[in-house]
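Analysis of the macromolecular model
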Amino acid sequence: MIFGSDGVKLSKVIVNNANSFDITYIDDRTLAATSPLHKHKGVCIIDIKEKKISKFIPTNYQCYGIKHLDGSLYVCAMSEGIFKINPQDGSTTAIVISDLPSWSCIDIFDNKMFFTNDGTKSVTCCDMDGKTVWIFKDETILKCPRGLAVDNSGNVYVACRN
């Protein structure tokens, strides 16, 4: 669904068979959405104006959280870690090797990646090469971290299921 800044529904884009989990804005014409389905694992590149998938980038892993930055897509891959995907040619590069569970989300701010891991009940910050900067783990606070956002000051906000 696409909504205007006033909350009015502008349009709807049907993405058949994708069962999208997360979405990221690329430009005024393009979005990318992850698809974790076993038969349709990968990233859909969506043309907003044409209201259709313009490209599907298949992956060998189930994709959950996604973020666009500087022409690349960063994806949380179940049981694999964080991958950088080139949306032009579909090539992938492993950035963080980690046994991420499903539902992991990612955000990027100030050349740092932040991602949730509800398996280890933690939030990790790493540099853009995947080197860990810090890990926050406190099971009295983070019981099942899922969604994640970083504001313009670098504050990290985490939504937890429990």
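Our subject in this report is the structure included herewith. Keep in mind that this is a model prediction, so the values were computed, not measured.

1. Considerations on the side chain of S102
Assignment of secondary structure puts S102 in the loop between β10 (92-97) and β11 (106-109). Note on S102: relative accessible area 18%, which makes it buried. Within the local environment of S102, its side chain forms a polar contact with the side chain of W103, the two groups lying 3.2 Å apart. Excluding anything up to four places from it in sequence, S102 contacts Y64, M78 and D118.

2. Notes on the packing of aromatic side chains
Overall, the coordinates contain 5 aromatic pairs when judged by the stated rule. A ring pair is formed by F21 and W103, whose centres lie 5.4 Å apart and whose planes are at 65°; its orientation type is edge-to-face. Separated by 82 residues along the polypeptide, F21 in the loop between β2 (9-11) and β3 (23-27) and W103 in the loop between β10 and β11 bring together distant segments of the chain. Assessed through its relative accessible area of 39%, W103 is described here as partly exposed. Considering the side-chain rings of Y61 and F83, the 4.4 Å spacing of their centres and the 20° angle between planes classify their relative orientation as stacked. Of the two residues, Y61 sits in the loop between β6 (52-58) and β7 (63-69) while F83 sits in strand β9 (residues 81-85), which places them 22 residues apart along the sequence.

3. Looking at the pattern of salt bridges
All chains considered together, the criterion is met by 5 salt bridges. The partner of R29 in a salt bridge is D47, and the shortest N-O contact between them spans 3.0 Å. Pair noted here: R29 is in the loop between β3 and β4 (30-35) and D47 is in strand β5 (residues 42-47), with a separation of 18 residues, a long-range link. Residue R146 pairs with D118 through a salt bridge whose shortest N-O separation is 3.0 Å. Separated by 28 residues along the polypeptide, R146 in strand β15 (residues 145-150) and D118 in the loop between β12 (112-117) and β13 (122-127) bring together distant segments of the chain. Taken individually, R146 and D118 each receive the classification buried, so the pair is uniform in this respect.

4. Some points on the side chain of Q62
On the secondary structure map, Q62 appears in the loop between β6 and β7. Within the local environment of Q62, its side chain forms a polar contact with the backbone oxygen of P36, the two atoms lying 2.8 Å apart. Beyond its immediate stretch of four places on either side in the chain, Q62 contacts P36, H38, K41, C76, A77 and M78.

5. Looking at the pairing of β3
Where β3 meets β4, 4 bridges bridge the pair, whose relative direction is antiparallel. Within the sheet, the bridge partner assigned to I23 lies in β4 and is A33. Between β3 and the antiparallel strand that follows it, β4, lie 2 residues.

6. Here we look at the sheet that holds β12
Ordered by their spatial adjacency, 4 strands build an open sheet running β11-β12-β13-β14, and the pairing between neighbours is antiparallel. One side of each edge strand has no neighbouring strand; the edge strands of this open sheet are β11 and β14 (132-137). Mean inter-strand twist for the sheet, computed between neighbouring axes without regard to direction, equals 15°. Summarising the sheet, β11 and β12 pair through 4 bridges and their orientation is antiparallel. Looking across to β12, one finds that I106 is bridged to F115.

7. Side note on the pairing of β4
The buried count for β4 comes to 6 of 6 residues, which makes it a mostly enclosed element. What you see with β4 is no split at all: T30, A32 and T34 on one side and L31, A33 and S35 on the other are buried throughout. Direction of pairing for β4 relative to β5: antiparallel, over a ladder of 6 bridges. Bridge pairing links T30 to D47 in β5. From the end of β4 to the start of β5, which pair antiparallel, there are 6 residues.

Conventions we followed
- Residues numbered from 1 in each chain as written.
- Predicted model: local features only at pLDDT ≥ 70, side-chain atom pairs only at ≥ 80, totals over all residues.
- Heavy atoms only, no water.
- Helix = DSSP H or I, 4+ residues; strand = E, 2+ residues; numbered from the N terminus.
- Buried < 20%, exposed > 50% of the residue type's maximum accessible area, 1.4 Å probe, protein only.
- Polar contact = N/O pair within 3.5 Å; in protein donor to acceptor, adjacent residues only side chain to side chain.
- Contact = heavy atoms within 4.5 Å.
- Phe/Tyr/Trp six-rings, centres within 6.5 Å; stacked < 30°, edge-to-face > 60°.
- Salt bridge = Lys/Arg side-chain N within 4 Å of Asp/Glu carboxyl O.
- Pairing = 2+ DSSP bridges.
- Axes fitted to C-alpha atoms, helices over the stretch in contact; angles between N-to-C directions.

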